[in-house]
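Observations on the model geometry
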Amino acid sequence: MPGAVEAEAKFSVPPDLRLPRRWDLEGLTVRPGQRSRLTTLYHDTPDLRLARWGASLRYRASEGWTVKLPTAGTEELLVRTEHRFPGQANALPAAALDLVRAFVRSAEVQPVATMRTRRTSLSLVDPDGGEVAQVVDDRVSVSGPGVAMPAFREIEVELRDGAPAGLVASVARHLGDPEPIPRSKLVRALGPPAEAPPEVVPPRLGSEASAAEVIKGALASSVVRLLVNDAGTRLGTDPESLHQCRVAVRRLRSDLRTFASLLEAEWTDALREELRWLGGSLGRVRDRDVLLETLRDRALALPPTMRRPAERLLRNLRAEQQEHRRALLEDLSGGRYAALLDRVVEAANAPAVLPDAADVAGSVLLPVAARPWTRLKGFVDEMDADPRDENLHQLRIRTKRARYAAEAVGVVGGRPVARFARAAASLQDVLGMHHDAVVAVDWLREAAARSSGGVAFTAGAVASTFWNDAARTRDQWPKAWKKLVKRAPEEWS
């Protein structure tokens, strides 16, 4: 189920501030809201992992359990997605814990603070009677072993869809332009430990970075991508989350392969094997997602007489997708996955590098990053003039490795390496379209063999359109390949 998006601006105000009796908000009417008292029990790990990632897990008797997940906000707004789960205070729902599993991993969660709030709210209503915002005045007291600020007052402007531009600034002027607070009440209450960075932060690197620092940065970037997209993958409301998790796993495996000569072999091989397991589970769902999207588009373009058979094909594909998704969710809820997340977090912070990795990255990593390109060229040299689909799929995989290697050392490779990476991405896109078309043709061929009558005929008709796509991309990839060859850094020739 998709969560509710919460967008709010927070302001710290003194305890004796008086709210304006009259509000001059153009086109809006201010209506008194409700007065309420809230008691909220917050849970987190002992090292406050959720707070540090911008997430929270809480219980209120009137609401049950609530998970808030960070979303891209602005300097003005704190934006989070809110998910609610029924339950009692002494029984944390497994579904709620799963949503924060990537941040919690194998650690235990426990109560960290009890917050009591006296709340007064005002509604801001447009001329049509629709609420565009609430102004919430909260007087807060907090208790718990690690509380740094036991009492404070803050005012929130909670925006709804259709809120006019500049509303937050207008409300702030009426309040005397108080200090904005771009963090949650819990983080404010717990202070510096909750304000600390999360466990994985990609380092800022300069041209004089060591090879170990560059490796650490590459791994950290992918680990962050994996962790922040975990909840969206579980929810299944946006296929892009799963796609980003799969990309993260692929990049991790590719970087561990590229930098293998600078890493401890046993550590690297064991981690790559576990990532291969996770990548397979993610990939089976992702492949169906892509096929379902493309097949749905083709079905809409069919003549009306072929729509019903096409819908049967789509139902069969959805059933496959849901079967693989159930298997994926089982994997993500298991101990093996939690242990793997602990390992990749550890890898991002302290990769098992060999002594040579202490040298300046430019002298060490650029030759290492050139190896996937050398292997890619050798593979193309040995391909037939009219390569099989399997060969083009392997070409795509090897192109991706060369691209990821170039991107991983971009900070020391400069513009030549960046241009090469962009050209590799272009070739990868062409080969990706070819692979998607081939996969679609194969699935539709099998679907036709299992069906009869109109369904089999429709499967064949749609397959022919994908076959045309495959033929077109076969004609396109040599041009993209020539461009990549031209973009290769001179020292890699």
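A brief look at the structure comes next. As the structure is a prediction and not an experimental result, all values here were calculated from the model.

Right, let's talk about the packing of aromatic side chains for a bit. Summed over the entire model, instances satisfying the criterion amount to 5 aromatic pairs. Judged by centre distance (5.4 Å) and plane angle (55°), the rings of Tyr-59 and Trp-65 are tilted. Considered together, Tyr-59 and Trp-65 belong to a single accessibility category, that of buried residues. For the ring pair Trp-373 and Trp-481, a centre distance of 5.5 Å and an interplane angle of 40° mean the geometry is tilted. Here Trp-373, found in helix α13 (residues 361-382), pairs with Trp-481, found in helix α16 (residues 453-487); they are 108 residues apart in sequence, far enough to count as distant. A connected cluster of aromatic rings, assembled from ring pairs, spans Trp-373, Phe-420, Trp-481 and Trp-492. Seen from the ring of Phe-466, Arg-298 lies directly overhead, with NZ or CZ sitting 4.2 Å from the centre. One Lys or Arg, Arg-336, reaches over the ring of Trp-277 and ends 4.2 Å from the middle of that ring.

The subject of this paragraph is the pairing of strand β5 (residues 78-85). In terms of burial, β5 is largely enclosed, as 7 of its 8 residues are buried. Here strand β1 (residues 4-12) runs beside β5; their pairing, made up of 5 bridges, is antiparallel. Opposite Glu-6, over in β5, you have Arg-80 as the bridge partner. Sheet analysis places strand β4 (residues 64-70) next to β5, joined by 6 bridges and oriented antiparallel. Bridge pairing in β5 places Leu-69 opposite Thr-81.

Here Ser-333 lies in the loop between α11 (307-332) and α12 (335-349). As for Ser-333 and Leu-99, which are separated by 234 residues in sequence, their C-alpha atoms are 10.0 Å apart. Every residue in contact with Ser-333, bar those within four places of it in the chain, is listed here: Asp-98 and Arg-234. Among the polar contacts listed, one links the side chain of Ser-333 to the side chain of Asp-98, at a separation of 3.4 Å.

Now for a positive patch on the surface. Together, Arg-415, Arg-419, Arg-422, Lys-479, Lys-482, Lys-483, Lys-486 and Arg-487 line one region of the surface with positive charge. Contributions of two or more residues to the positive patch are made by α15 (410-450) and α16. Counting residues per element, the positive patch draws most heavily on α16, at 5 residues. When you line up the elements, Arg-415 lands in helix α15.

What follows deals with the environment of Lys-482. Position of Lys-482 relative to the elements: it lies in helix α16. Residue classification places Lys-482 among the exposed positions, given a relative accessible area of 57%. Spatially, the C-alpha atoms of Lys-482 and Ala-423 are 9.6 Å apart, while their sequence positions differ by 59 residues.

This structure, assessed with the given rule, holds 38 salt bridges. With its nearest N and O atoms 3.4 Å apart, the salt bridge here joins Glu-8 to Lys-10. A relative accessible area of 2% places Glu-8 in the buried class. Linking Arg-153 and Asp-137 is a salt bridge whose minimum nitrogen-to-oxygen distance equals 2.7 Å. Of this pair, Arg-153 sits in strand β8 (residues 151-159) while Asp-137 sits in strand β7 (residues 131-143); the two residues are 16 residues apart in sequence, bridging distant segments of the chain. By relative accessible area, which is 4% here, Arg-153 ends up buried. By relative accessible area, Asp-137 is classed as buried at 6%.

Let us now look at the environment of Glu-382. Residue position: Glu-382 is located in helix α13. Sequence separation of Glu-382 and Arg-474 is 92 residues, and the distance between their C-alpha atoms is 17 Å.

All right, on to helix α10 (residues 265-300) then. Over its 36 residues, α10 runs 51 Å from end to end, which matches the ideal 52 Å to within 8%, given 1.5 Å per residue. Its maximal kink placed at Gly-283, α10 deviates by approximately 25°.

Before going further, it helps to examine the pairing of β7. In this structure, strand β6 (residues 110-125) lies alongside β7, joined through 12 bridges in antiparallel fashion. In the sheet register, Thr-120 faces β7, and the bridge partner there is Asp-137. Counted between consecutive antiparallel strands, the loop separating β6 from β7 contains 5 residues, among which Gly-129 sits at a positive phi close to 90°. As paired elements, β7 and β8 share 9 bridges and run antiparallel to each other. Considered in β8, the bridge of Asp-138 is made with Glu-154.

In this structure, Phe-259, Leu-365, Leu-395, Trp-477 and Leu-484 are the most contacted members of the largest nonpolar core, which totals 89 residues. What Phe-259 contacts, discounting residues up to four positions off in sequence, is Ile-215, Ala-218, Leu-365, Val-368, Ala-408 and Val-409.

With that settled, consider the side chain of Arg-80. Turning to its location among the elements, Arg-80 is positioned in strand β5. With relative accessibility at 6%, the residue Arg-80 sits in the buried group. Apart from the residues within four sequence positions on either side, Arg-80 is in contact with Ala-4, Val-5, Glu-6, Glu-8, Gly-54, Ser-56, Lys-68, Leu-69, Pro-70, Thr-71 and Ser-184.

A polar contact of 2.7 Å, which involves the side chain of Asp-137, links it to the side chain of Arg-153. When near neighbours in sequence (up to four residues on either side) are disregarded, Asp-137 contacts Leu-19, Arg-118, Arg-119, Thr-120, Arg-153, Glu-154 and Ile-155.

Turning to the packing of α10 against α15, a few remarks are in order. Remark: α10 packs on α15, axes separated minimally by 10 Å, with the N-to-C direction vectors making an angle of 80°. The pairing of α10 with α15 is recorded here as roughly perpendicular in orientation. Contacts between α10 and α15 involve Val-290, Leu-291 and Leu-295 from the first element and Asp-436, Ala-440, Trp-443 and Leu-444 from the second. When its residues are assigned to classes, the contact of α10 with α15 shows 6 nonpolar, no polar and 1 charged.

How each quantity is defined
Residues numbered from 1 in each chain as written. Predicted model: local features only at pLDDT ≥ 70, side-chain atom pairs only at ≥ 80, totals over all residues. Heavy atoms only, no water. Phe/Tyr/Trp six-rings, centres within 6.5 Å; stacked < 30°, edge-to-face > 60°. Buried < 20%, exposed > 50% of the residue type's maximum accessible area, 1.4 Å probe, protein only. Helix = DSSP H or I, 4+ residues; strand = E, 2+ residues; numbered from the N terminus. Lys NZ or Arg CZ within 6 Å of the ring centre and 35° of its normal. Pairing = 2+ DSSP bridges. Contact = heavy atoms within 4.5 Å. Polar contact = N/O pair within 3.5 Å; in protein donor to acceptor, adjacent residues only side chain to side chain. Patch = residues over 30% accessible without salt bridge, like charges linked within 9 Å, V, L, I, M, F, W, Y side chains within 5 Å. Areas by Shrake-Rupley, 256 points an atom, 1.4 Å probe, with all protein chains shown as cover. Salt bridge = Lys/Arg side-chain N within 4 Å of Asp/Glu carboxyl O. Lys, Arg positive; Asp, Glu negative; His and termini not counted. Charge placed at Lys NZ, Arg CZ, Asp CG, Glu CD. Expected span 1.5 Å × (residues − 1). Bend = angle between axes of the 7 residues up to and from the residue. Core = buried A, V, L, I, M, F, W, Y, C linked by side-chain atoms within 4.5 Å. Axes fitted to C-alpha atoms, helices over the stretch in contact; angles between N-to-C directions. Parallel < 35°, antiparallel > 145°, perpendicular 65-115°, else oblique. Nonpolar A, V, L, I, M, F, W, Y, C, P; charged D, E, K, R; others polar.

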